[in-house]
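# Examination of the molecular architecture
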Amino acid sequence: MEAGRERRDDEVEHGTVVTPSAEFPPLSPSQQAALGRIGERWRAPRADGDLPVDPALGRSDRRPAPTRFGRLAPFDMFTVEQPDELVATERANVPGSRFGRALTRLRRAVFGPPLSSAAVLYERMRKLVALPVLSSDLLSSVAYGPEALLAVLVLAGTGALGLSLPLAAVLVVLMVAVGVSYRQTIQAYPHGAGSYVVAGDNLGSLAGLAAAAGLMVDYVLTVAVSVAAGVHAVTSALPALAPATVPLGVLVVAVLLAGNLRGVRTAGNIFVLPTYAFVVAVLAVLVVGYARAAGRGFAPVSPPPVPAAEGLGLLLVLRAFSSGAVSMTGIEAVSNAVPAFRPPEWRNARTTLGWMVLLLVLLFAGLTGLIRLEGMVPSPGETMLSQLGRVTFPSGPWYPLLQAATTLILLLAANTAFNGFPRLLFFMARAGHAPRRFLHMGDRLAFSNGMAALAVAAALVFVTFGGHTASLIPLYAVGVFLAFTLSQAGMVVHWRRRRTPGWRRRLAINAIGAVLSALVLLTAAVAKFSEGAWVVVVAVPLLVLLFRRIHRHYATLHRALALHPPGPALPGPAGSAEGEELPQEVRHLVVVPVARLNRASLRALAYAASLGQPTLAVHIAPEEGEADRFREQWQAWGDHLRLETIVSPYRAFVGPLAHYLEALHTTRPELTLTVIVPEVVLRRRWHRPLHSRVEQRLRSALRALPGVVVTSVPIHVAE
């Protein structure tokens, strides 16, 4: 709890933490004090400044020339900005191999040149760009949300369609309540992370992880469902492409990934036009449709008769309500992406969220009302938005434009997930609940690891379900409404604790949203359990368990690596080699495995002897005769170092050496065993299979031994 409070205080003091430096958090005051006490007892073996080269590079009179193996030597790869500070230029990132340079050129051609860390502020989004980027999922859902509601009601016959308007009114109340709640969340938690942070701070870590798991499942399904719906729209227009549904979907996911890896600002510019085109097209349908209805006095058209397949009961009404609630997926995206806005971040995010909710209510309520006025019923062969388009624009280019805009936004609705999912992983990784690699920003200052993880997960779900939208829809909404419920319940607790001016009104709004969200969650989980929602119900607890195990690992690692003030020096060999933090406490034994006496092994022996520490050479022989011959060669060399020979009658090399070193360490655990391995470095990759690569296997075997340091002395073969 104290660590969490310190972290939040640090965030308030330093502002948003979504920067490239988030991978390197500062030391806490206690750790800083421990570091100072360690430094007071530090006695370096050499005096300060006793270096054979100038580390600043700028004071050297001679510029090194590129060599055959090192083509990156020229100094223009570094600049001296301040005394004792070098800054790596863009050229310093270029690999030395021809293959690596080719990959770098390809990556820059696809994703663009790398951006400096100082450009992170300029990569943030303006409100007019953030609106389409973060609302594409939310607004695209109006293309199928009203139809999902009516598709359940029509099961009770045509007469049940009259309930669409009151249910839509309740959904509008839910949309406004959740939207206002998230506006309050943005102001209360201006550093982002939305439901995860709100639920964790107010309801406990377990609730926060459950909210995060629900959102992650929702983001993955958002990509899979959006791509499936978009590909279905394409294959409906071009039936010849139907057999290629799965490859097309995977290709779309790859294109979305590539577009988002180009950076927030570039991706925003790519995806702005389709979202605005869809909004304009649907608004045109509403304006023309209501104008036509006004011409007949808003008299509704009688819908075609549909026989009842089920009785009209409370469960059916609740199922219809939960199905229509899929129109709200994506409403939480802004609260997760607050740091992606330009300053003042929280104010711009609140404004953008207000626009999104206003557009959602307008489009959802407008389409539901117009469908009722036109007397339309769901049809398996055509979407209701398409039916409205045909009736509203019976001629001209407007209907094809509406369909094209709808297809594009359905395909690009997944873009919202590519903004929310990596940022959620960032905040979780910062708290130790997700792998720390998700803190890293890529070349274009985007969370490339999180984006890649989302693309892989969504592609697997898409392929598993064969790209069928009907199979994926039942999985939808359970996860996101779990996050909605926990987030708003957390805000209720937040207002009760803070009791700031107007807290009762805010608490009431959040309480209404929490109750309605919980109702949708329970209805969707129960009614759709057998249709596939059980996958989400099972996945969320498993993800929470995984997050807790990750956090446990990082907590153990933190305790192991935490700095502790040094105590009084203890005489004798007690203690462990890995517990030593001062140079004067480290006791060395250098071990050099020698297979044969050649230039590589002699260079390794010379390097070991130059360290001025006790040195032991070890030779593994397959039989007694070979061991005797090697000892004769060692005597001929001069017997300058202690040699130990081990006969391995089963001809193994790595195993006996690793167990021998383990026995040495067990005998004297305070010793640091430095194993110096001679290694032949081959320039051409195709030469490597010609060698046994014993060095690599030995390094892998010794890595698990505590108190053992493995280093290589290379001999380069210039062929």
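Look a little higher up for the structure.
## Considerations on empty space enclosed by the protein
- This structure, assessed with the given rule, holds four cavities of 30 Å³ or more.
- Within this model, the second largest cavity holds a volume of roughly 60 Å³.
- Along the walls of the second largest cavity sit Leu150, Leu161, Ser164, Pro303, Thr368, Ile371, Arg372, Gly375 and Met376, which together make up its complete lining.
- For the lining of the second largest cavity, the element with the most residues is helix H13 (residues 345–374), which contributes three residues.
- In terms of residue class, the lining of the second largest cavity is made up of five nonpolar, three polar and one charged.

## Brief notes about the nonpolar core
- Counting residues in hydrophobic clusters, the biggest one holds 155 residues, and the most contacted among them are Leu174, Tyr196, Val223, Met428 and Phe481.
- Discounting residues that sit within four places of it in the chain, Met428 has contacts with Tyr196, Leu209, Ala212, Met216, His433, Ala434 and Phe547.
- Membership of the second largest hydrophobic core comes to 19 residues, among which are Val591, Leu673, Leu702 and Val710.

## Structural notes on unusual backbone geometry
- Here the residue pair Pro343 and Pro344 is connected by a cis peptide bond, since its omega of -10 degrees sits within 30 degrees of zero.
- Following the sequence through the fold, Pro344 ends up in the loop between helix H12 (333–336) and H13.
- Look at Phe298: it is not a glycine, yet its phi comes out positive at around 55 degrees.
- Mapping Phe298 onto the fold places it in the loop between helix H10 (264–295) and helix H11 (314–324).
- For Phe298, a relative accessible area of 45% translates into the label partly exposed.
- In this structure, Asp639 takes a positive phi of about 50 degrees despite not being glycine.
- According to the relative accessible area criterion, Asp639 is partly exposed, its value standing at 38%.

## A word on the sheet that holds strand S5 (residues 642–647)
- Sheet architecture is open: five strands sit in the order S5-S4-S3-S6-S7, paired in parallel fashion. In the strand order of this sheet, the two ends are held by S5 and strand S7 (708–717), each with one partner. With strand direction ignored, the average angle separating the axes of adjacent strands in the sheet is 25 degrees.
- Relative to strand S6 (residues 671–682), strand S3 (residues 587–593) runs parallel, the two sharing five bridges. What sits directly across from Leu589, in S6, is Leu673.
- Helix H23 (residues 624–637) contacts strand S4 (615–621) and S5 of the sheet and is inclined by roughly 165 degrees relative to S5.
- Here helix H25 (residues 694–702) sits on the sheet in contact with S3, S6 and S7, set at roughly 155 degrees to S6.

## Some remarks on the environment of Leu155
- Structurally, Leu155 can be placed in the loop between helix H5 (145–153) and helix H6 (164–188).
- We classify Leu155 as partly exposed; its relative accessible area is 26%.
- Look past the residues within four positions of Leu155 in its chain and what remains in contact with it is Ala308, Ala309, Glu310, Leu316 and Arg319.

## Details of the packing of H11 against helix H20 (residues 503–527)
- Closest axis-to-axis distance for the H11/H20 pair is 9 Å, and the angle between their directions is 110 degrees. With respect to H20, the element H11 is oriented roughly perpendicular. Residues Leu318, Arg319, Phe321 and Ser322 of H11 pack against Leu519, Val520, Thr523, Ala524 and Ala527 of H20.
- Per-class residue counts for the contact of H11 with H20 are six nonpolar, two polar and one charged.

## Details of the pairing of S4
- Of all seven residues in S4, seven are buried, a share of seventy percent or more.
- Taking every second residue as pointing to the same face, both faces of S4 are buried, with Thr615, Ala617, His619 and Ala621 on one and Leu616, Val618 and Ile620 on the other.
- Alignment of S3 against S4, held across four bridges, turns out to be parallel. Bridging from a neighbouring strand, Val592 pairs with Ala617 of S4.
- Considered for its hand, the β-α-β crossover made up of S3, helix H22 (residues 599–610) and S4 is right-handed.
- For S4 and S5, the ladder comprises six bridges, and the chain directions are parallel. Its bridge partner lying in S5, Leu616 is registered against Arg642.

## So, helix H24 (residues 654–667)
- Look at H24: 20 Å from first C-alpha to last across 14 residues, which is about the 20 Å you get at 1.5 Å a residue.
- Of all the residues in H24, the buried ones are Val654, Leu657, Ala658, Leu661 and His665. Along the axis of H24, the buried residues cluster in a sector spanning 100 degrees; they form a single face. Away from the buried face of H24 by more than 90 degrees, exposed residues His659, Thr666 and Thr667 are located.
- Looking at the buried positions of H24, the neighbouring elements they touch are S3, S4, S6 and H25.

About the thresholds
Residues numbered from 1 in each chain as written. Predicted model: local features only at pLDDT ≥ 70, side-chain atom pairs only at ≥ 80, totals over all residues. Heavy atoms only, no water. 1 Å grid on protein atoms, 1.4 Å probe; cavity = no way out; pocket = protein on both sides within 12 Å on 5 of 7 lines; lining within 4 Å. Points joined across faces, edges and corners; volume = space filled by probe spheres on them. Helix = DSSP H or I, 4+ residues; strand = E, 2+ residues; numbered from the N terminus. Nonpolar A, V, L, I, M, F, W, Y, C, P; charged D, E, K, R; others polar. Core = buried A, V, L, I, M, F, W, Y, C linked by side-chain atoms within 4.5 Å. Buried < 20%, exposed > 50% of the residue type's maximum accessible area, 1.4 Å probe, protein only. Contact = heavy atoms within 4.5 Å. Pairing = 2+ DSSP bridges. Axes fitted to C-alpha atoms, helices over the stretch in contact; angles between N-to-C directions. Parallel < 35°, antiparallel > 145°, perpendicular 65-115°, else oblique. Right-handed = clockwise from strand over helix to strand, strands pointing away. Expected span 1.5 Å × (residues − 1). Arc of directions from axis to C-beta.

Function cannot be inferred from these measures alone, as they are strictly geometric.
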